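Topology and contacts: notes
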Amino acid sequence: MKKLLIILVSLSVLGGGAYWMVVSQPNKAQDILVQAPKPAVAKPTKEKPTKEKPYVEEFTGGDFYVLWKNEQKSRTLNPDNVTAITSTATTTTYTNNWNGFQLSFPKDWEIDIRQASNYTRLFTKDFRIDLTVQNVDKAWTSPVGYITSTIETLKPNITADKRWNQQGFSARQINYTRPAITGIDHDMNQYSYLFLTKGNRVFSFQLKTDEQHFESMKAALIQMASTLKIVSPIEMDLNTAIKANPPNPEVRLKHKLDSLIIPKNHFVMGAYLPKSRDIDALNEYLENPLGAQMFYKPIDNGYDEYTKELLDNDRLPIVTLLYEKANSTTNADVVENIINGTYDKSLLTWAESVKSLDGPVLFRLGNEMNGDWSEWSHKSTYNDPDLYKLTFRHIVELFKKNGTDNAYFVWNPNHVSSPYFEWNEAHMYYPGDKYVDFVGMTSYNFGKTQWNNYQSIHTLYEDLYWEYSRSYYEKPLMIGEFAAVETGGNKAEWITSAFDEIPRSYPNIKIAVWFDQAHGPFDFRIRTSPASAEAFKKGMAQPAVVKGLNFRE
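Criteria and thresholds
- Residues numbered from 1 in each chain as written.
- Predicted model: local features only at pLDDT ≥ 70, side-chain atom pairs only at ≥ 80, totals over all residues.
- Heavy atoms only, no water.
- Helix = DSSP H or I, 4+ residues; strand = E, 2+ residues; numbered from the N terminus.
- Buried < 20%, exposed > 50% of the residue type's maximum accessible area, 1.4 Å probe, protein only.
- Areas by Shrake-Rupley, 256 points an atom, 1.4 Å probe, with all protein chains shown as cover.
- Contact = heavy atoms within 4.5 Å.
- Pairing = 2+ DSSP bridges.
- Polar contact = N/O pair within 3.5 Å; in protein donor to acceptor, adjacent residues only side chain to side chain.

Within the chain, the secondary structure is distributed over 13 helices and 26 strands. A total of 553 residues make up the chain; the buried ones form 61% of that total. Carbon and sulfur atoms make up 49% of the accessible area of the chain, which totals about 21,000 Å².

This is the structure:
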């Protein structure tokens, strides 16, 4: 958990099924059973080395296009009437009933509407346009404030900025560039934002392409935007379908020496402790051992033998790889360097060592990427979430090419984005179903503050649970970090509620990791009072809590 005080400020502003299916990744010796619902000019670069094909190569046209196609094929469970599409011989007309707009574009452009309530993507092998609609009232700002904040970190890279009025909209187009990244096949480093403002809504188009297509695509963007029409949105509950058939998966990660078995309505409770081996004393007190342990490692640190020690003790290792260098305060280049393979030698020590363990190991890669307290957030990626997604894909592919089939990968944003804008929502950073095994959530109860009252487990996770179950409905969920404090409420009751409600009300959550550390004024440790300690101890004794690897009912 990084920059917790900054996270608090961001938070304070906001005040069993029909059948089973096996979800597996190529070449992975796993068996995850998930319940499926019923029906500036770029800097000169050196010549690129020959690039190995990724372990999954279904498409050609460069890394970005492969990424967009894989994302397009990821599964969601949105209502059918969120969008509508009609076509003529040359033109596609797209209506977004959630955000209330319609526009037309050439028929040969592809469209991704998986997360249409958040964004719509148009793309080919040569460009992409992401469209988001920002209600500035919901972000506690103005149209000018929103645009100013959006481009704040891009100022050194802006090459043009012009404004005009068209068809009842106030228009502003801002062009910018970034240095080319040698590790990207067919890099696209030319960008153009087009902001169309009407009332309290700003339609934000972000074009990304290469230098060859930049001028023609800017013209195509303006032409498409000229077809934008406001239509009446349709009121709907996005979660109707998922709530009608709620997921209640059974997870089975089977391996020769150790296996992770989590039955329906069960979950693994784990913990993070600043001194890892303090878990032995904690488990002695709890009597029923924690089934997982999470620890942090910088991206340039090699394999840690503690991973094997955890497996030897039937405890699931969860390795959070931070996108930062050990003992460094300058990490803005880490995303680019991951893509370029700078840390491959260190990462390979993990891949090769974990492969020899023959038990499951979870890797949480660059968590909280949607928070500007993270160096790998938008402020270091030119407002381009594709760059984060390519780091995730790069690491996953490195493990797969090494044959490390017992490594599983967790994508874990923060539950509130900062800045709190649609273009920075968590869904923008999802690398695609082929690369993610577990979808993580992070939300804390900071107690009673000047901004919030004591928040229940339902307040923190109810909406987020259904949103993520719908948006990534074939993926099991986990809580990557959570905890509560004593201040302003009853922590013991909160802990009891968490143990009761996760398997009962949120059965798609299969793993939860308690952040057992005091951080500034917030003491999240389990044993902050006798009552809280006893509540956690009683929770661990519940039959629904899986006590570790190799579970037997």
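The topology assignment puts arginine 128 in strand β8 (residues 127-135). Excluding residues that lie within four positions of it along the chain, arginine 128 makes contacts with Trp68, Arg121, Leu122, Phe123, Gln206, Leu207, Lys208, Asp384, Pro385 and Asp386.

Okay, the pairing of strand β16 (residues 267-272) next. Counted residue by residue, β16 has six buried out of six residues, so it is predominantly covered. Of the two faces of β16, the one carrying Phe267, Met269 and Ala271 and the one carrying Val268, Gly270 and Tyr272 are both buried. Pairing of β16 with strand β23 (residues 509-515), which is carried by five bridges, proceeds in the parallel orientation. The partner of glycine 270 across the bridge, within β23, is valine 513. For β16 and strand β17 (residues 292-298), the ladder comprises three bridges, and the chain directions are parallel. The residue of β17 that forms the bridge with alanine 271 is glutamine 293.

Counting through the fold element by element, lysine 208 comes out in strand β12 (residues 201-209). One polar contact links lysine 208 to aspartate 386, side chain to side chain, over a distance of 2.7 Å. Residues in contact with lysine 208, not counting those within four places in the same chain, are Phe64, Trp68, Asp126, Phe127, Arg128, Met188, Gln190, Tyr191, Asp384 and Asp386.

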